[in-house]
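An overview of the molecular structure
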Amino acid sequence: MLTIDKLESIFEDIPVPALILAADEPFKIVQANEAYIHMFALSSQDLCGRALFDVFPDQHLDNPDSPIKRTKQSINKAIRLKEPQTPGTISYRLPDNTGERKLRFWILEYIPVVDETGNVVYLFQLTQEIFENKAVQNSLPETTGLPYESIFATAQNAFFLSDKNGMVLAVNEAACSIFGYSEEEMKHLGRPDIIEEDQKLHQLLLQRERDGKSRGEVTGIARSGERFPCEYSSVRFTTPAGEERYCTEITDIRKWRRAEDKVRQSEKNLRTIFDHTVEGFVLVNAQLEIIAHNDKAGELIFELGDHKAVKIGTSLLDYLAEDRANVFRVLSKRVFAGETIEYERPYPRPDGETCWFSFAVNPVRENDTVIGLCISGRDITRQKRAEEEVNKREKRFRRMVENNADAIAILSPEGKVMYVSPAAEQITGYSAEEAMEMDVFQTVHPDDREKSAEVMSAVFAQPGVPVNASPIRLLHKDGTWRWIEATITNLLDDPDIQGLIDNFRDVTEHIEAEQRLMLAKHEAEQSEEKYRKLFNLSPLPKWIYDQETLRILEVNEEAIRHYGYSREEFLSMTIMDIRPTEDIDALKELLQGLHNNREKPTVYWRHVKKNGEIILVDITGHAIDFNSPNARMVICQDVTEKIKAEAELLRSNERFRQAARASSDAIWDWHIASDTVFLGEGFSTLFGYAEAGTSVQRSWLEDKLQPEDRSRVKARIESLLSERRQDRWQDEYQFKKADGTFAIICNSVVLTRDEEDKPSRMIGAMKDVTHQKEEEHHLKLLESVVTSTTDAVIITEARPNNQGAPAVIYANAAFHNITGYTPHEIKLGSLTMLQGPETDQTEIAKLEEAMKLKQNCQIQAVFYKKNGQPYWASLAISPVTDADGNVQNYIAIERDITDRMNYLTAIEQQNKQLLEIAWFQSHIVRAPLARIMGLIDLLVNDTSGIFKNDALPMLKQSADELDKIIREIVVKTDFTNDDTIN
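To start, this report covers the structure provided alongside it. These numbers were taken from a predicted model, which means no experiment stands behind them.

**Side note on the overall build of the protein**
- When its secondary structure is counted, the protein shows 35 helices and 37 strands.
- Expressed as a percentage of its 982 residues, the buried residues of the protein come to 40%.
- A total of about 56,400 Å² of accessible surface is found on the protein, and carbon and sulfur atoms cover 52% of it.

Spelled out as structure tokens, the structure:
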């Protein structure tokens, strides 16, 4: 390996062509030396800053072992192993000074260059060319050096050296592989043994004799006798000894021929599609002469009614009315200028109806030059009528969905809510915003999760097919369980939805009613009258019929009310009488299946009310003992309005769905051709701009960028437009609001391309993340306080662990410094590990009581470090609650107060000694002092001197006693100063 400090001097001095490459994709060229620039006849500007494989793209994309792919593998291996690597001999076609592309050969070596940390930062490429025209002249059979062996050993095509009579002198391994001979056998063969002697070969040989080289297609002959197509390229040269030699390259093009056959078959298939499509197509040349058309062209483009009337070679204008011909002349000029034109047009029919046609005129290009036009036409009458109907009823459908008791949600495969209708809040208790933060699958009752998983498996296995899920229980926001019935459709592959459509409804009352009815059925075994009351009071239509005669035996009040028939009319009917005639056969098939104990399919049935109205019903039924061994009870639920709402919802237009899903963001839509940007309503709600809902120039958006962000954002957009492999981009930057302030926004962008793979539209969603960024900054500040403080900070869960104490989930570094316990050790235990023999349990009880009352608390007590050493600490705890006031965690802050407590103890000891000294002064000192004062008074008043001789010894004795006492006081005072305070 090379180091960076050695690379510069080596690179400057080395005479071999060399490059310095960046050691990360796409391996950009950092520097090229003069030898390299001279060898490839390229300037430094042509090389530096460009990706290596942009300068030398792969010329064999379909070859998994192409020279360029081997080079990439060697580069990656050198980076991974940090060892020099070589891909061996590399061949590549480059243009010479005449512009002709010629094959050249090199040996490459890649040496990793590391920085001071040992990471590979550059690659040092050494290049040695081993095959030029001079090398060809020396590449005779007797040559055994590296150039000849490298060329012939690594070439993918067959190479031959032959004399002027066509006798093979030398071949490479590829030639042996292609023709099936060994190298020794090849040397004994002549040209006719391996190439068919035909007119094509004869012409190529004449051309080679005349021009010194020739190129064309011949037929190869394999050892097995198989003939196969080959590409033939041969060059004549003269050896140093003056002998004529020929170097011939043979390429097996069987794969190409097979590919051409596939292309021809594809053309045939496309022609079949072309002729049988519902659209009419006409191709015209620059003179507007028809050069191709399909069978529908006359009917859908020219209104001829007979496709045979359209003739190849005639002018398209001959088939158009004069007014249409004049319009088309103008349109064609615009299309020949490169524009694509689409328009719709109505035509009156003889019967008075109006039919609509859609036309598109597209330029046909060849080498970026428009050489003709493609005109297509389609009958869109039904579509137009459907659109008119949708537009007329969309508002009603929307209101119906929003006010429908059934809810609709769009789910991701993981259960995340991407959209939910307003009715969902009535069913689940959660607002749309709350629902979008939830995992729906986690709200399923534990006993129903296996059934839910089976339903989802069926949904994923049947894309586009509605799957009816039997009722399951979901957790309501108020903590109750609600029975939910759903129909789920997998539309993950639908580009407009990309999710699971969940139509669901609260059937809790229905289920509970059913449960009550089932309980009533059990009890009704003892009381038929009681069961009849329950039957009649059901909120759903019910009847009992005989499975043999199909006659209705009993009917409840809700069925009478809902269907309009009287009780007597019902009892005179069979179940066939409430079905449309066209449904009778399907009903008979169902009844036969029930008779054979086959499972009833989950479908909706049509019933006819007395007034003739047809309704859709969801039917469940079961056998019952009711004055007949073959009786069966049926429960019906009218789902007509629900089905209509679901059907119309799925047909609602894309813009409504997208707006509903992205209403919280500022949506923009850049039409690249016109360079205009449509601004969504979010530009008003988020940023305060009145331009929301209108189109502006792209520069309007660019002017709103913070100056230091502008060049970076524009560069990212240009990169997205030019990079074909990328169609998405996301970035954060500052965006100016209408009030002049800047918001931090997250912009998510998707690029769409037209049929020619050119960028056509760019759609973005801007989300204001200013508050989020401020919160993140605030959290970082709080985190730095917690990690930097000298006080221990501990966070626990509210629930006790298996040791009966709150489990520790976080402890900062100061905790380890104070106690000696690592965060991992304290997480495995609890704060009770810090207690010991001298820990005041009264203080601990005060702490536990405060936690029970969810209150703040502070105590002082003796705790113990990991090594057993006691220390004084002040411990304060505070509960952390959620929005509902429930304690989720506790935060504890512990401060080591050992020094302070020791200081207070010392002060107390000093005060005790000072009290002792005070007592000493007031009692012991007072006696000799009183005697001295009495003797002095006696001597002062003794004018005769009678008591002098007696008083002086006594005075001296009292003074000595006082002196001794004062010395003891001094000793005590020194002891206090030295041993206590210090």
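On we go from here.
**Side note on the side chain of threonine 487**
- Residue placement: threonine 487 occurs in strand 20 (residues 481-491).
- At 2.8 Å, the side chain of threonine 487 and the side chain of asparagine 468 are in polar contact.

**Details of unusual backbone geometry**
- Glutamate 25 connects to proline 26 through a cis peptide bond whose omega is 10 degrees.
- Secondary-structure assignment places proline 26 in the loop between strand 2 (18-22) and strand 3 (29-32).
- At lysine 82, a position not held by glycine, the phi torsion is positive, near 60 degrees.
- On the secondary structure map, lysine 82 appears in the loop between helix 5 (67-81) and strand 4 (89-95).
- Look at lysine 82 and you get partly exposed, because its relative accessible area is 34%.
- Positioned with a positive phi, aspartate 675 is a non-glycine residue whose angle comes to about 55 degrees.

**Details of the packing of aromatic side chains**
- Tallied over the entire structure, the rule returns 16 aromatic pairs.
- Ring geometry for tyrosine 563 and phenylalanine 570: centres 6.2 Å apart, planes at 75 degrees, overall edge-to-face. In terms of burial, tyrosine 563 and phenylalanine 570 fall into one category: buried.
- Relative to tryptophan 700, the ring of tyrosine 689 lies with its centre 5.0 Å away and its plane at 75 degrees, an arrangement referred to as edge-to-face. Pair noted here: tyrosine 689 is in the loop between helix 26 (682-685) and strand 29 (695-697) and tryptophan 700 is in helix 27 (residues 698-703), with a separation of 11 residues, a long-range link.
- Residue classification places tyrosine 689 among the buried residues on the basis of a relative accessible area of 8%.

**Topic: the sheet that holds strand 33 (residues 792-800)**
- Pairing in this open sheet of five strands is antiparallel, and the strands run 34-33-37-36-35 from one edge to the other. Two strands lie at the open edges of the sheet, namely strand 34 (806-811) and strand 35 (857-864), each paired on one side alone. Across this sheet, the average inter-strand angle for adjacent strands is 30 degrees, counted without regard to direction.
- Both strand 35 and strand 36 (residues 870-881) contribute to a ladder of eight bridges, which runs antiparallel. Within strand 36, the position partnered with alanine 861 by the bridge is alanine 873.
- On the sheet, helix 32 (residues 841-852) packs against strand 34, strand 35, strand 36 and strand 37 (887-896) and is oriented at approximately 140 degrees with respect to strand 35.

**Notes on the environment of leucine 834**
- Inspection of the secondary structure puts leucine 834 in the loop between helix 31 (823-828) and helix 32.
- Contact partners of leucine 834, with chain neighbours within four places excluded, come to Phe815, Thr819, Tyr821, Thr839, Phe863, Tyr864, Tyr871 and Glu894.

**Focus: the pairing of strand 11 (residues 244-252)**
- Extensive coverage of strand 11 is indicated by the burial of seven of its nine residues.
- Where strand 7 (residues 158-162) and strand 11 come together, five bridges link them in antiparallel fashion. In the sheet register, alanine 158 faces strand 11, and the bridge partner there is isoleucine 250.
- With nine bridges connecting them, strand 10 (residues 227-238) and strand 11 associate as antiparallel partners. When the sheet's bridge partners are listed, valine 235 is paired in strand 11 with cysteine 247.

**Here's the deal with the sheet that holds strand 26 (residues 631-638)**
- Read across the open sheet, the five strands follow the order 23-22-26-25-24; overall the sheet is antiparallel. With partners counted over all chains shown, the strands left at the sheet margins are strand 23 (552-555) and strand 24 (604-608), one partner each. Each neighbouring strand pair of the sheet contributes to a mean axis angle of 40 degrees, computed without reference to strand direction.
- Sheet analysis places strand 22 (residues 542-546) next to strand 26, joined by five bridges and oriented antiparallel.

**Describing the nonpolar core**
- With 26 residues, the main nonpolar core has Trp668, Phe683, Phe687, Phe735 and Met762 as its most contacted residues.
- At the level of secondary structure, the elements contributing two or more residues to this core comprise strand 27 (666-671), strand 28 (676-679), helix 27, helix 28 (707-722), strand 30 (728-736), strand 31 (742-753) and strand 32 (759-768).
- Ignoring sequence-local partners within four residues, the contact set of methionine 762 consists of Trp668, Asp669, Trp670, Ile717, Leu720, Leu721, Val749, Val750 and Leu751.
- Counting residues in each nonpolar core, the second largest holds 25 residues, with Tyr563, Ile584, Leu587 and Ile619 among its members.

**Quick look at the pattern of salt bridges**
- Per the counting criterion, the structure on display carries 38 salt bridges.
- A salt bridge links aspartate 448 to arginine 473; the nearest nitrogen and oxygen atoms lie 3.0 Å apart. With aspartate 448 in the loop between helix 17 (432-435) and helix 18 (449-461) and arginine 473 in strand 19 (residues 467-475), the pair connects residues that are 25 residues apart, well separated along the chain. With respect to burial, aspartate 448 and arginine 473 carry one shared label: buried.

**Considerations on empty space enclosed by the protein**
- In this structure the tally under the stated criterion is 15 cavities of 30 Å³ or more.
- Here the largest cavity is characterised by a volume of approximately 430 Å³.
- Together, 27 residues line the largest cavity, and Val440, Thr443, Leu474, Asp502 and Phe504 are the ones closest to its centre.
- By residue number, the principal contributor to the lining of the largest cavity is strand 19, which donates five residues.
- Here the residues of the lining of the largest cavity are counted per class, giving 21 nonpolar, four polar and two charged.

**Side note on the environment of lysine 255**
- With respect to the element layout, lysine 255 can be found in helix 12 (residues 254-276).
- Sequence-wise, lysine 255 and proline 229 are 26 residues apart; in three dimensions their C-alpha atoms are separated by 9.5 Å.

**Regarding a nonpolar patch on the surface**
- On the surface, a nonpolar cluster with roughly 200 Å² of combined accessible area is contributed by Val880, Ile891 and Ile893.
- Tracing the backbone through its elements, the reader meets isoleucine 891 in strand 37.

**Description of the side chain of aspartate 115**
- Along the chain, aspartate 115 turns up in the loop between strand 5 (101-114) and strand 6 (120-131).
- No salt bridge is formed by the buried aspartate 115; its nearest oppositely charged neighbour, lysine 82, is found at 7.6 Å.
- Within the local environment of aspartate 115, its side chain forms a polar contact with the side chain of threonine 117, the two groups lying 2.7 Å apart.

**Examining helix 28**
- Compared with the 22 Å implied by 1.5 Å per residue over 16 residues, the 24 Å span of helix 28 between its first and last C-alpha is a close match.
- When we look at burial in helix 28, the residues that qualify are Asp709, Val713, Ile717, Leu720 and Leu721. Down the axis of helix 28, the smallest arc covering the buried residues is 105 degrees, so these residues share one side. Away from its buried face by more than 90 degrees, helix 28 exposes Glu708, Ser711 and Ser722.
- Here the buried face of helix 28 lies against strand 27, strand 30, strand 31 and strand 32.

**Description of the pairing of strand 34**
- With four bridges joining them, strand 33 and strand 34 adopt antiparallel strand pairing. In the sheet register, threonine 796 faces strand 34, and the bridge partner there is valine 808.
- Adjacent in sequence and paired antiparallel, strand 33 and strand 34 are bridged by five residues, among which glycine 804 carries a positive phi angle near 85 degrees.

**Examining the environment of glutamate 434**
- Turning to its location among the elements, glutamate 434 is positioned in helix 17.
- In this structure the C-alpha to C-alpha distance between glutamate 434 and valine 417, which are 17 residues apart in sequence, comes to 9.6 Å.
- Residues contacting glutamate 434, with those up to four places away along its chain left out, are Gly429 and Lys477.

**Considerations on helix 11 (residues 199-211)**
- Spanning 13 residues, helix 11 covers 18 Å between terminal C-alpha atoms, matching the ideal 18 Å at 1.5 Å per step.
- Where helix 11 is concerned, the buried positions are Leu201, Leu204, Leu205 and Arg208. Down the axis, helix 11 shows its buried residues gathered within 100 degrees of arc, on one side only. Residues Gln199 and Arg210 are exposed on helix 11 and point more than 90 degrees away from its buried face.
- Contact partners of the buried residues in helix 11: helix 10 (191-194), strand 9 (213-221), strand 10 and strand 11.
- Glycine 212 occupies a position one or two residues after helix 11 and carries a positive phi of about 85 degrees.

How each quantity is defined
- Residues numbered from 1 in each chain as written.
- Predicted model: local features only at pLDDT ≥ 70, side-chain atom pairs only at ≥ 80, totals over all residues.
- Heavy atoms only, no water.
- Helix = DSSP H or I, 4+ residues; strand = E, 2+ residues; numbered from the N terminus.
- Buried < 20%, exposed > 50% of the residue type's maximum accessible area, 1.4 Å probe, protein only.
- Areas by Shrake-Rupley, 256 points an atom, 1.4 Å probe, with all protein chains shown as cover.
- Polar contact = N/O pair within 3.5 Å; in protein donor to acceptor, adjacent residues only side chain to side chain.
- Phe/Tyr/Trp six-rings, centres within 6.5 Å; stacked < 30°, edge-to-face > 60°.
- Pairing = 2+ DSSP bridges.
- Axes fitted to C-alpha atoms, helices over the stretch in contact; angles between N-to-C directions.
- Contact = heavy atoms within 4.5 Å.
- Core = buried A, V, L, I, M, F, W, Y, C linked by side-chain atoms within 4.5 Å.
- Salt bridge = Lys/Arg side-chain N within 4 Å of Asp/Glu carboxyl O.
- 1 Å grid on protein atoms, 1.4 Å probe; cavity = no way out; pocket = protein on both sides within 12 Å on 5 of 7 lines; lining within 4 Å.
- Points joined across faces, edges and corners; volume = space filled by probe spheres on them.
- Nonpolar A, V, L, I, M, F, W, Y, C, P; charged D, E, K, R; others polar.
- Patch = residues over 30% accessible without salt bridge, like charges linked within 9 Å, V, L, I, M, F, W, Y side chains within 5 Å.
- Lys, Arg positive; Asp, Glu negative; His and termini not counted.
- Expected span 1.5 Å × (residues − 1).
- Arc of directions from axis to C-beta.

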